[in-house]
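# A closer look at the structure
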Amino acid sequence: GALRGLVENGQPLLQSIAINHVVTECVDLLTARADERGVALLTDLGDVPAIPADVEGLHQAVLNLMTNALDVVADTTGAVTIRTSFDTMDRVARIAVADNGLGMDAGTRARIFEPFFSTKGQKGTGLGLAVTRKVVEEHGGRIEIDAAPGRGSIFTIVLPSTPPESATPQDTQGPAR
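Along each chain, residue indices are assigned from 1 in the same order as the chain's sequence is written. For this predicted model, a pLDDT threshold of at least 70 governs which residues receive local features, and a threshold of 80 or more governs which side-chain atom pairs are given and counted, while totals over whole chains, interfaces and linings are taken from all residues. Computation of side-chain values: all heavy atoms of the structure, hydrogens and water removed.

### Thoughts on helix 1 (residues 19-37)
Note on conventions: DSSP H or I runs of at least 4 residues are helices, E runs of at least 2 residues are strands, and numbering of each starts at the N terminus. A helix is expected to span 1.5 Å multiplied by its residue count minus one. Compared with an ideal rise of 1.5 Å per residue, which puts 19 residues at 27 Å, helix 1 spans 27 Å between its outermost C-alpha atoms and is within 8% of the ideal. In this scheme, the bend at a residue equals the angle between the axes fitted to the seven residues that finish there and the seven that begin there. The largest bend in helix 1 amounts to roughly 45 degrees and is located at Leu30. Along helix 1, the residues classified as buried are Ile19, Asn20, Val22, Val23, Cys26, Val27, Leu30 and Ala34. Accessibility here uses a 1.4 Å probe with only protein chains present; expressed as a share of the type maximum, an area under 20% marks a residue as buried, one over 50% as exposed, and anything in between as partly exposed.

### Let's talk about the pattern of salt bridges
When a carboxyl oxygen of Asp or Glu is within 4 Å of a side-chain nitrogen of Lys or Arg, the pair counts as a salt bridge. All told, the structure shown has 7 salt bridges when counted by the stated rule. Residue Arg83 pairs with Asp44 through a salt bridge whose shortest N-O separation is 3.4 Å. Linking Arg83 in strand 4 (residues 79-87) with Asp44 in strand 2 (residues 40-45), this pair joins segments that are 39 residues apart in sequence. Using a relative accessible area of 41% as the deciding quantity, one classes Arg83 as partly exposed. Residue Asp44 is classed as partly exposed on the basis of its relative accessible area of 40%. In this structure, Glu138 engages Lys134 in a salt bridge whose closest nitrogen and oxygen atoms are separated by 3.6 Å. In this pair, Glu138 and Lys134 both sit in helix 4 (residues 128-138), 4 residues apart, roughly one turn of the helix. What makes Lys134 partly exposed here is its relative accessible area of 34%.

Structure representation (structure tokens):
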């Protein structure tokens, strides 16, 4: 089913994976669809160390964001850019999916992760982003959205470079001084 990313006992199966490899696989899967519509699928892959992640879950999450981006851009003028980067200060990896679609207003942005909320009418199940957020949160990560009407949207998956198990509750207050 849609939530099949939940491996044994609900924990993601973490192994050290190269994020750029996952992104490249997702791009390969969607290239034909983008080409058919004359949409540019661009990658800007940074120097990202291997991080602990569930490869299937992450693949699903990135694919969902890229599919959504493809769905909202126009034929022939559409562009979807996937950037990866590593923040050496915060020790987080970022996967950003940017589109040049219509963007969204604050109301849509507030509801975008609700299960079954969709802006795509009959086409959308409304599960993609809910699943994506669930996967990312299981990794101890988060999704950031930068979107405004008329200038497209950027969805960024932010993943810690250390496994979520090692985070103790007081860690969430920021680094200990």
